[in-house]
Each structure stands twice: as structure tokens, then as C-alpha cells.
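# Structure assessment
If you want the building blocks of each chain, they are given just below.
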Amino acid sequence: LGGAPAWVSIALQQWAVILGVPLFLAWFARLNLKETFLMRHTHLLAYAGMFAALAGGVCLVQVYAVFQNQWLPSPAFEKNLADMMRKASGGSLPLLLLLAALSPAICEEMMFRGFVLNGLRTRLSKWQCLIVSAMLFSALHVFIYQLVHTFLLGILLGWIAWETRSLLPGIIFHFVNNAIALTAL
């Protein structure tokens with residue numbers, strides 16, 4: 001985009017591609033967007049469960065990270081990616097959180113737990129749906145170093161969406177997970 005700031009390109013990629021493609025396909029197929037993308041409120045208890053899952057998930061990820069760093073040290077590109085996002089945000093924490101935590105949480109949840117997982121619901125079993133959507137989610141993240149982590153995160157986020165029939169708890173979980181990861185790098 002010529003002279004546009006880097007954050008504009010990052011935001012366009014997330015909103016136009018990751019979210020725009022499934023929105024267009026759902027619209028083109030004349031699907032009910034509210035149903036397809038699980039746009040509904042859920043019980044307050046679901047949020048309590050989501051926060052418990054988040055706490056447990058963060059602990060498990062930390063244990064996994066220690067194990068992984070012993071056998072497969074984090075490549076320099078991961079730190080470089082975090083530095084690139086910080087540079088794209090111009091050092092602004094709110095813009096960084098918007099670009100690298102909130103936007104991916106909304107766009108990826110709508111694509112993988114809304115369009116993909118919910119779209120498979122009538123064709124496959126619960127666990128087949130969770131595995132397929134988690135595999136696609138981890139493939140989007142490209143880095144082999146993150147493959148196991150993003151796959152497990154995809155299973156957990158899929159389970160939250162499946163059980164609550166809403167994307168909102170998963171979006172909050174995904175945002176908090178991304179924000180923690182950003183501040184840890």
C-alpha cells in the first residue's frame with residue numbers, strides 16, 4: 001500500500017483476508033451469518049469456565065514452553081516477529097494490542113471456530129470438527145515451532161465455541177492469550 005503505515009497492511013490482511021473471505025463465502029452461500037459465526041451471548045457461567053480454562057491453559061503452555069525450549073529452542077524469528085509488530089505499531093501499546101491481540105482474536109475465531117468448525121458440525125463428529133479446525137488454525141500460523149501450541153490452543157478454543165455455541169468467550173480467551181504472549185516476548 002505504497003506509503004501507508006505498516007499497521008494498515010497488517011490490519012487489512014487480518015480483516016480483509018482472514019475474516020473477509022469466510023464472510024463473503026457465507027454471504028454468497030446465503031448462510032445465516034448470525035448462526036454461521038455463532039454470534040450470540042452465552043451464560044455467565046461459560047465465561048467463568050473460560051477464565052478457568054485460560055488460567056489452566058496458560059500454566060500448561062508455560063510447562064510446555066520450558067520443555068520445548070530444552071529440545072527445540074525458540075528461533076530468532078519469533079522475537080523478530082514481535083519486534084516487527086512493535087515497530088508497526090509505532091511503540092503504541094494500544095495499537096500493538098489491537099493489531100496483534102484483538103484483531104487476530106476476532107478474525108481467527110470467526111474464521112476457524114465460526115465458519116470452519118460450525119460449518120463441519122453437521123458433517124463430522126465433535127472431535128473430528130475440533131481436530132480439523134485446530135489443524136487449519138495451526139497451519140495458518142505457519143511456524144513449525146508454534147505448531148503444537150497453536151494446535152492445542154485451537155482444540156481448546158474450538159471446545160469453548162462448541163460447548164457455549166458462542167464465539168465471544170473464545171474471542172476473549174484468544175485476545176488474553178495473545179496479549180500475554182506479546183508482553184512475554
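For the structure itself, consult the block above.
Every value quoted in this text rests on a predicted model; they were computed, and no experiment measured them.

What counts, and where the lines are drawn
- The numbers attached to residues start from 1 for each chain and follow its sequence in the written order.
- Thresholds applied to this predicted model are a pLDDT of at least 70 for local features of residues and 80 or more for the giving and counting of side-chain atom pairs; totals over whole chains, interfaces and linings are not thresholded and use all residues.
- Hydrogens and waters are ignored; side-chain quantities use all the structure's heavy atoms.
- Geometry of aromatic contacts follows a simple scheme: Phe, Tyr and Trp rings, the Trp one being its six-membered ring, pair when their centres are within 6.5 Å, and the pair is stacked under 30 degrees between planes, edge-to-face over 60, tilted otherwise.
- Secondary structure counts use DSSP, requiring at least four H or I residues in a row for a helix and at least two E residues in a row for a strand, with both numbered from the N terminus.
- Each residue is assigned to one of three classes by its accessible area relative to the maximum for its type, calculated with a 1.4 Å probe on protein chains only: buried under 20%, partly exposed between the two thresholds, exposed over 50%.
- Residues scored as charged are limited to Lys and Arg (positive) and Asp and Glu (negative), so that His and the chain ends carry no count.
- The salt bridge definition used is simple: a Lys or Arg side-chain nitrogen within 4 Å of an Asp or Glu carboxyl oxygen.
- Throughout this description, a polar contact denotes any pair of N or O atoms lying within 3.5 Å of each other; where both atoms belong to protein, one of them has to be capable of donating a hydrogen while the other can accept it, and for residues adjacent in sequence the pair is counted only when both atoms sit in side chains.
- The contact definition used throughout considers only heavy atoms, calling two residues in contact when any of these lie within 4.5 Å.
- Working convention: axes come from line fits to C-alpha atoms, limited for helices to the stretch in contact. Angles between N-to-C directions cover 0 to 180 degrees.
- Roughly parallel covers angles under 35 degrees, roughly antiparallel covers those over 145, roughly perpendicular covers 65 to 115, and oblique covers all other angles.
- Left-handed describes a crossing whose near helix is turned anticlockwise from the far helix through less than a right angle; right-handed describes the clockwise counterpart.

## So, the packing of aromatic side chains
This structure, assessed with the given rule, holds 4 aromatic pairs. Ring centres of Phe37 and Phe115 lie 6.3 Å apart, and the angle between their planes is 20°; on these two criteria the pair is classed as stacked. Taken as a pair, Phe37 in the loop between α2 (33-36) and α3 (44-71) and Phe115 in helix α5 (residues 93-120) lie far apart in primary sequence, 78 residues in all. Relative to Phe137, the ring of Phe112 has its centre 5.6 Å away and its plane inclined at 70°; by these criteria the two rings are edge-to-face.

## Remarks on the side chain of Glu108
Here Glu108 lies in helix α5. This buried residue, Glu108, is left without a salt bridge; Arg113 holds the nearest opposite charge, at 5.6 Å. At 3.4 Å, the side chain of Glu108 and the side chain of His141 are in polar contact. Apart from residues no more than four positions distant in its own chain, Glu108 is found in contact with Ile18, Arg113, Phe137, Leu140, His141 and His174.

## Here's the deal with the packing of α5 against helix α6 (residues 126-140)
Interaxial distance between α5 and α6 falls to 9 Å at its minimum, and their mutual angle equals 150°. As judged from the angle between their axes, α5 and α6 are roughly antiparallel. The chirality of how α5 crosses α6 is right-handed. Counted together, Glu108, Phe112, Arg113, Val116, Leu117 and Leu120 of α5 and Cys129, Leu130, Val132, Ser133, Leu136, Phe137 and Leu140 of α6 form the full contact between these two elements.

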